[in-house]
Amino acid sequence: DDQQVAKTLARFPALLGLSLEKKPKPTSQWLQELGMDDQQVAKSFASFPSLLSFSLELNLQPTSQWLKELGMDDQQVAKTFARFPPLLGLSLERNLKPKAQAMRDRGFADTQLVSLLVSFPRLLGSRLDLLKHRMDVLAAQGLLAEQSLR
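Residues numbered from 1 in each chain as written. Predicted model: local features only at pLDDT ≥ 70, side-chain atom pairs only at ≥ 80, totals over all residues. Heavy atoms only, no water.

(A) Inspection of the overall build of the chain at higher detail. In terms of helices and strands, the chain carries 9 helices and 0 strands. Across the chain, helices and strands are ordered from the amino to the carboxyl terminus as α-α-α-α-α-α-α-α-α. Considering the chain as a whole, with its 150 residues, one finds that 39% of them fall into the buried category. In the chain, of all internal contacts separated by at least 6 residues, the share reaching a separation of at least 24 is 69%. (Helix = DSSP H or I, 4+ residues; strand = E, 2+ residues; numbered from the N terminus. Buried < 20%, exposed > 50% of the residue type's maximum accessible area, 1.4 Å probe, protein only. Contact = heavy atoms within 4.5 Å.)

Below you can see the structure in the form of structure tokens.
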């Protein structure tokens, strides 16, 4: 609706300078091909407007591919993106991979990472030091026992 468009433009005025054929339209189509419905795509753009400016080849597809390499299927990737669109803006090398490795180092198998990230994708939006600290606290309280994770 018009209010949503105005709100999105206020949050991301650079949207006015984007070519519809080069950015928003291909991004929208790609997200739909991945499994997001029209409402999820619209909500993702509204909550994270800079998503409209990201490159399919440099941002979206590599992140999607990495999640698939962890073990997610297209439906899980779509669900993860719909729940936390800013995930698509995080650097694979400087952000996502180090966080996944920190979880592996604390006993999480990739299958458990997939389950956790589909349910709580915002974990990947946490700072790495904070994520490690939280896992250490849980482990110290016996809530993150390695043997229960395998």
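(B) Examining the packing of helix 5 (residues 74-83) against helix 7 (residues 110-119) more closely. Between helix 5 and helix 7, the least distance of the axes is 8 Å, while the angle of their chain directions is 40°. As judged from the angle between their axes, helix 5 and helix 7 are oblique. Touching Gln76, Lys79, Thr80 and Arg83 of helix 5 are Val114, Leu117, Val118 and Ser119, all from helix 7. In terms of residue class, the contact of helix 5 with helix 7 is built from 3 nonpolar, 3 polar and 2 charged. (Axes fitted to C-alpha atoms, helices over the stretch in contact; angles between N-to-C directions. Parallel < 35°, antiparallel > 145°, perpendicular 65-115°, else oblique. Nonpolar A, V, L, I, M, F, W, Y, C, P; charged D, E, K, R; others polar.)

(C) Representation of the layout of surface pockets in the model. Volume-wise, the largest pocket comes out at about 220 Å³. Along the walls of the largest pocket sit Asp37, Gln39, Gln40, Lys43, Ser44, Ser47, Ala82, Arg83, Phe84, Pro85, Pro86 and Arg122, which together make up its complete lining. Broken down by secondary-structure element, the contributors of at least two residues to the lining of the largest pocket are helix 3 (38-47) and helix 5. Considering every element that reaches the lining of the largest pocket, the biggest residue donor is helix 3, with 5 residues. Classifying every residue of the lining of the largest pocket by side-chain character gives 4 nonpolar, 4 polar and 4 charged. (1 Å grid on protein atoms, 1.4 Å probe; cavity = no way out; pocket = protein on both sides within 12 Å on 5 of 7 lines; lining within 4 Å. Points joined across faces, edges and corners; volume = space filled by probe spheres on them.)

(D) Region of interest: the pattern of salt bridges. With the rule as written, the count across this model stands at 5 salt bridges. Put simply, Lys68 and Asp74 hold a salt bridge, and the shortest N to O gap is 2.7 Å. Classification of Lys68 by relative accessible area gives partly exposed; the value is 30%. A salt bridge links Asp129 to Arg127; the nearest nitrogen and oxygen atoms lie 3.0 Å apart. The exposure class of Arg127 is exposed, given its relative accessible area of 53%. (Salt bridge = Lys/Arg side-chain N within 4 Å of Asp/Glu carboxyl O.)

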